[in-house]
Amino acid sequence: MLTDRMAEALNAQLNAEIYSAYLYLSMAAFYESLGLPGFASWMRVQRLEELIHALKFFDYIVEAGGRVLLRPIDGPPTEWEGALGPFEAAYAHEQKVTGLINALVEVAKEEKDDATVEFLQWYVDEQVEEEESASSVVEKIKAAGGTEAELEKLDGELAMRS
Ligand code: FEO
């Protein structure tokens, strides 16, 4: 059984994961407006990953005897600077999410909730991948040097993400 504090913290993270999905879908829309469908496709896939993250929290709260409480989702930004802007923002966002997950682990430890500490380990590991995947694209965009031909090539590569 979750303590009230633990349930509240898990619900807050469920909200944050849905916000992440909304943020990446907004980035997909931005890339579509730039005529970069491969970049947009990468963001659409990322948005699905975030929904999976959110649903894992949903299922865990239910299984652990808590009550899922869905709250309003903040509106995401809609504009960024060029092709690089969204991925730089995505990398910064994932670093922030890593901080949120680490804080959640601390709450679980303070509540002496070993099951939730164990459940959260999946997210601790996942955040290493999440940061790496955004930062590796930042590096690729920088290496492309902003030329249209290189961006188109990278667009084709990012379209391959499934
Ligand atoms: Fe749900 Fe991108 O972390």
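This text follows the structure it describes.
Reference entry: report on the structure contained in this document. (Residues numbered from 1 in each chain as written. Predicted model: local features only at pLDDT ≥ 70, side-chain atom pairs only at ≥ 80, totals over all residues. Heavy atoms only, no water.)

Notes on the pattern of salt bridges
Next, step 1: Following the criterion strictly, the structure yields 7 salt bridges and no others.
Next, step 2: Linking Glu 88 and Lys 142 is a salt bridge whose minimum nitrogen-to-oxygen distance equals 4.0 Å. Note that Glu 88 is positioned in helix H3 (residues 84-110) and Lys 142 in helix H4 (residues 114-144), a separation of 54 residues in sequence.
Next, step 3: A cluster of three or more residues bridged by salt bridges with shared partners is formed by Arg 5, Glu 110 and Glu 111. (Salt bridge = Lys/Arg side-chain N within 4 Å of Asp/Glu carboxyl O. Helix = DSSP H or I, 4+ residues; strand = E, 2+ residues; numbered from the N terminus.)

Observations concerning the packing of helix H1 (residues 4-34) against H3
Helix packing for two helices is described by the angle between their axes and how far apart those axes are.
Next, step 1: Across the interface, H1 lies against H3 with an axial gap of 11 Å and an inter-helix angle of 170°. By the angle between their axes, H1 is roughly antiparallel relative to H3.
Next, step 2: Residues that form the contact of H1 with H3 fall into these classes: 20 nonpolar, 3 polar and 4 charged. (Axes fitted to C-alpha atoms, helices over the stretch in contact; angles between N-to-C directions. Parallel < 35°, antiparallel > 145°, perpendicular 65-115°, else oblique. Nonpolar A, V, L, I, M, F, W, Y, C, P; charged D, E, K, R; others polar.)

A few points about the packing of aromatic side chains
Next, step 1: Here the structure, examined in full by the defined rule, presents 11 aromatic pairs.
Next, step 2: Seen in terms of ring centroids, Phe 30 and Trp 80 are 5.5 Å apart; in terms of plane orientation they differ by 75°. Their pairing is edge-to-face. One end of the pair, Phe 30, is in helix H1; the other, Trp 80, is in the loop between helix H2 (37-63) and H3, and 50 residues separate them in sequence. Assigned by exposure class, Phe 30 and Trp 80 land together as buried.
Next, step 3: Here a set of aromatic residues connected by ring pairs shows up, and it is made of Phe 30, Tyr 31, Phe 39, Trp 42, Trp 80 and Phe 87.
Next, step 4: The residue whose ring lies beneath Lys 56 is Trp 122, and the NZ or CZ to ring-centre distance is 4.3 Å.
Next, step 5: For the cation-ring pair, Arg 161 lies above Trp 42, with the distance from its terminal atom to the ring centre recorded as 4.2 Å. (Phe/Tyr/Trp six-rings, centres within 6.5 Å; stacked < 30°, edge-to-face > 60°. Buried < 20%, exposed > 50% of the residue type's maximum accessible area, 1.4 Å probe, protein only. Lys NZ or Arg CZ within 6 Å of the ring centre and 35° of its normal.)

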